[in-house]
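These are the residues of each chain, in order.
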Amino acid sequence: MSLAIMNEVRGEDYAQAVMLDMEYDPAPPVNGGTPEKTKPSVQQMMLSMYDKDAQPLIDSLEKQMKNKARINKLRFIASEVLVNINLKVIHN
């Protein structure tokens, strides 16, 4: 990805110079790297791994979002109460 960014920002010659400096000449021993080139069993293995590790994080973020939504709702209700109190004071 960083080579793609270098190519975009600095141009193809610069990206090739970086590749030459790193002696970057990939020749993968197996086919893969995209879902289309990867066996379904390997895809499933990766999904299972990510689900197992990511699910606690997802659960935590969802809980935080629910808590934030509750806090925002309470703030809204409190502001409505204050508006109503101010209106009563003004009319009295």
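Above this text you will find the structure in question.
Conventions we followed
Residues numbered from 1 in each chain as written. Predicted model: local features only at pLDDT ≥ 70, side-chain atom pairs only at ≥ 80, totals over all residues. Heavy atoms only, no water. Helix = DSSP H or I, 4+ residues; strand = E, 2+ residues; numbered from the N terminus. Rg over C-alpha atoms; globule rule 2.2 N^0.38 Å. Buried < 20%, exposed > 50% of the residue type's maximum accessible area, 1.4 Å probe, protein only. Areas by Shrake-Rupley, 256 points an atom, 1.4 Å probe, with all protein chains shown as cover. Lys, Arg positive; Asp, Glu negative; His and termini not counted. Charge placed at Lys NZ, Arg CZ, Asp CG, Glu CD. Contact = heavy atoms within 4.5 Å. Expected span 1.5 Å × (residues − 1). Bend = angle between axes of the 7 residues up to and from the residue. Phe/Tyr/Trp six-rings, centres within 6.5 Å; stacked < 30°, edge-to-face > 60°. Lys NZ or Arg CZ within 6 Å of the ring centre and 35° of its normal. Patch = residues over 30% accessible without salt bridge, like charges linked within 9 Å, V, L, I, M, F, W, Y side chains within 5 Å. Salt bridge = Lys/Arg side-chain N within 4 Å of Asp/Glu carboxyl O.

1. Observations regarding the overall build of the protein
Piece 1. If you tally the helices and strands in the protein, you get three helices and zero strands.
Piece 2. From first element to last, N terminus to C terminus, the protein shows the α and β order α-α-α.
Piece 3. Relative to the compact-globule value of 12 Å for 92 residues, the protein shows a C-alpha radius of gyration of 27 Å, a clear excess of over 25%.
Piece 4. Looking at the protein as a whole, 3% of its 92 residues qualify as buried.
Piece 5. Summing over all exposed atoms, the protein offers an accessible surface of approximately 8800 Å²; the carbon and sulfur share of this is 61%.
Piece 6. Across the protein, the mean location of the 11 positive side-chain charges is 20 Å away from that of the 12 negative side-chain charges.

2. Describing the environment of Met19
Piece 1. Within the secondary structure, Met19 sits in helix H2 (residues 12–22).
Piece 2. Under the relative-accessibility criterion, Met19 is labelled partly exposed at 29%.
Piece 3. In the structure, Met19 is positioned 48 residues away from Asn67 in sequence and 48 Å away in space, judged by C-alpha atoms.
Piece 4. The contact partners of Met19, leaving out residues within four places of it in the chain, are Leu3 and Tyr24.

3. Brief notes about helix H3 (residues 40–91)
Residues separated by three or four positions in an α-helix point in the same direction, a consequence of the helix having 3.6 residues per turn.
Piece 1. Here H3 contains 52 residues, and its C-alpha end-to-end distance of 71 Å stays within 8% of the 76 Å for a straight helix at 1.5 Å per residue.
Piece 2. Along H3, the largest kink reaches about 45° and is centred on Ala54; proline Pro56 follows within four residues of it.

4. Things to note about the packing of aromatic side chains
Centre distance and the angle of the planes are the two values used to describe a pair of aromatic rings.
Piece 1. This structure, assessed with the given rule, holds zero aromatic pairs.
Piece 2. In this structure, Arg10 packs its charged tip against the face of Tyr14, placed 4.1 Å from the ring centre.

5. A few points about a nonpolar patch on the surface
Piece 1. The grouping of Leu74, Phe76, Ile77, Val81, Leu82, Ile85 and Val89 at the surface amounts to a nonpolar patch, some 680 Å² of accessible area in total.
Piece 2. Along the chain, Phe76 falls in helix H3.

6. Topic: the environment of Ala15
Piece 1. Assignment of secondary structure puts Ala15 in helix H2.
Piece 2. By relative accessible area, Ala15 is classed as buried at 6%.
Piece 3. When neighbours within four sequence positions are excluded, Ala15 is seen to be in contact with Leu3 and Asn7.

7. Some points on unusual backbone geometry
Piece 1. One non-glycine residue, Glu23, adopts positive backbone phi at about 55°.
Piece 2. Within the secondary structure, Glu23 sits in the loop between H2 and H3.

Spatial relationships are all this shows, so hold off on functional conclusions.
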